[in-house]
Amino acid sequence: MKILVAVKRVVDYNVKVRVKPDESDVDIGNVKMSMNPFDEIAVEEAVRLKEAGKATEVVVVSLGVKQCEETLRTALAMGADRAIHVETDEKLEPLAVAKLLKAVAETEQPQLLLLGKQAIDDDANQTAQMLAALMQLAQGTFTSKIELKADEVLVTREIDGGQEQLALKLPAVISTDLRLNEPRYIKLPNIMQAKKKPLEKKTVAELGVDISPRLVQLKVTEPAERAAGIRVGNVAELADRLHHEAKVI
Ligand code: AMP
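In this report, we go over the structure that sits alongside the text. (Residues numbered from 1 in each chain as written. Predicted model: local features only at pLDDT ≥ 70, side-chain atom pairs only at ≥ 80, totals over all residues. Heavy atoms only, no water.)

Focus on the overall build of the chain
Alright, step 1. Within the chain one finds seven helices and 13 strands.
Alright, step 2. The C-alpha extent of the chain, read off along each of the three principal axes, is 65 × 45 × 40 Å.
Alright, step 3. Here the chain, with 249 residues, has 40% of them falling under the buried criterion.
Alright, step 4. In the chain, the proportion of contacts linking residues at least 24 apart, taken out of those at least 6 apart, comes to 69%. (Helix = DSSP H or I, 4+ residues; strand = E, 2+ residues; numbered from the N terminus. Buried < 20%, exposed > 50% of the residue type's maximum accessible area, 1.4 Å probe, protein only. Contact = heavy atoms within 4.5 Å.)

Comments concerning the environment of Arg-48
Alright, step 1. Relative to the helices and strands, Arg-48 resides in helix α1 (residues 37-51).
Alright, step 2. The spatial distance from the C-alpha of Arg-48 to the C-alpha of Lys-99 is 27 Å, given a sequence separation of 51 residues.
Alright, step 3. Other than its neighbours up to four places away in sequence, Arg-48 contacts Asn-181, Glu-182 and Arg-184.

Some points on the pairing of strand β12 (residues 172-176)
Consecutive side chains of a regular strand alternate in pointing toward one face of the sheet and then the other.
Alright, step 1. Judged by how many residues are buried, β12 sits mostly within the fold: five of five residues are covered.
Alright, step 2. Burial of the side chains of β12 extends over both faces: Ala-172, Ile-174 and Thr-176 are buried on one face and Val-173 and Ser-175 on the other.
Alright, step 3. Pairing between strand β8 (residues 112-116) and β12: five bridges, direction parallel. Bridge assignment links Leu-113 to a residue of β12, and that residue is Val-173.
Alright, step 4. Both strand β9 (residues 138-148) and β12 contribute to a ladder of four bridges, which runs parallel. From the neighbouring strand, Gln-139 faces β12, where its bridge partner is Val-173. (Pairing = 2+ DSSP bridges.)

Details of the pairing of strand β6 (residues 57-64)
Alright, step 1. β6 sits mainly inside the fold: seven of its eight residues count as buried.
Alright, step 2. In terms of strand pairing, strand β1 (residues 2-6) meets β6 through five bridges, oriented parallel. Counted as the bridge partner of Leu-4 is Val-59 from β6.
Alright, step 3. Bridge analysis of β6 against strand β7 (residues 82-87) gives six bridges, and the strand direction is parallel. When the sheet's bridge partners are listed, Val-61 is paired in β7 with Ile-84.
Alright, step 4. Remark: the β6/helix α2 (residues 68-78)/β7 crossover connection has right-handed handedness. (Right-handed = clockwise from strand over helix to strand, strands pointing away.)

Quick look at the structure:
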């Protein structure tokens, strides 16, 4: 049972992103980058499945600039066995990512494909669904529990107002939600060991995928500044202000 986990290098979740002065994009120059938090959960889950004897190999894959190697090394330090880096400086849209992951999966033939439910930079929440569609595989999105059986995987999904349980035929695509697990803290010896684990390089050309963009990002803007709140003396004043000033009642 091989598990393929997709990990994206994104702006660290603690960083307050700034928009470029020309509003063309966010400014990621000199900003701390990390593994997308949902992908960290995906790696953790894959490693736990291996530790529990339910999976035999965990392969991590990242698509993007040279520095994705660091993200992959982090995943290797968490316990993944080997890494694949599809290096490109081009900006990748979810459809291009899904096509590239499909090409990698066709060679690797994993039984389980684990992705994050969304990348915290583009917030697209599209890649896992597109990958499942392109590969014509079952999908379980926003997963908070995974139980691997011989030829199927049981997933619990977080849905509005409750939970849904699905049995997916393997191979399957799963996207992780926050409550699936809490990723481990990486220790120094694991970082050292990770340096020796295999990291294979591939190119977009080798994979034969058209990654040309289909979207044009017109503008990126900061959220509107909120006006400062006010304190009211009593309920009557609140009702009066809501009626006469805010005009909402
Ligand atoms: P998105 O659809 O962009 O919100 O991303 C959902 C998930 O797709 C992420 O959590 C990753 O698991 C995967 N993914 C997206 N972009 C990449 C990338 N460049 N490299 C590897 N995995 C990616």
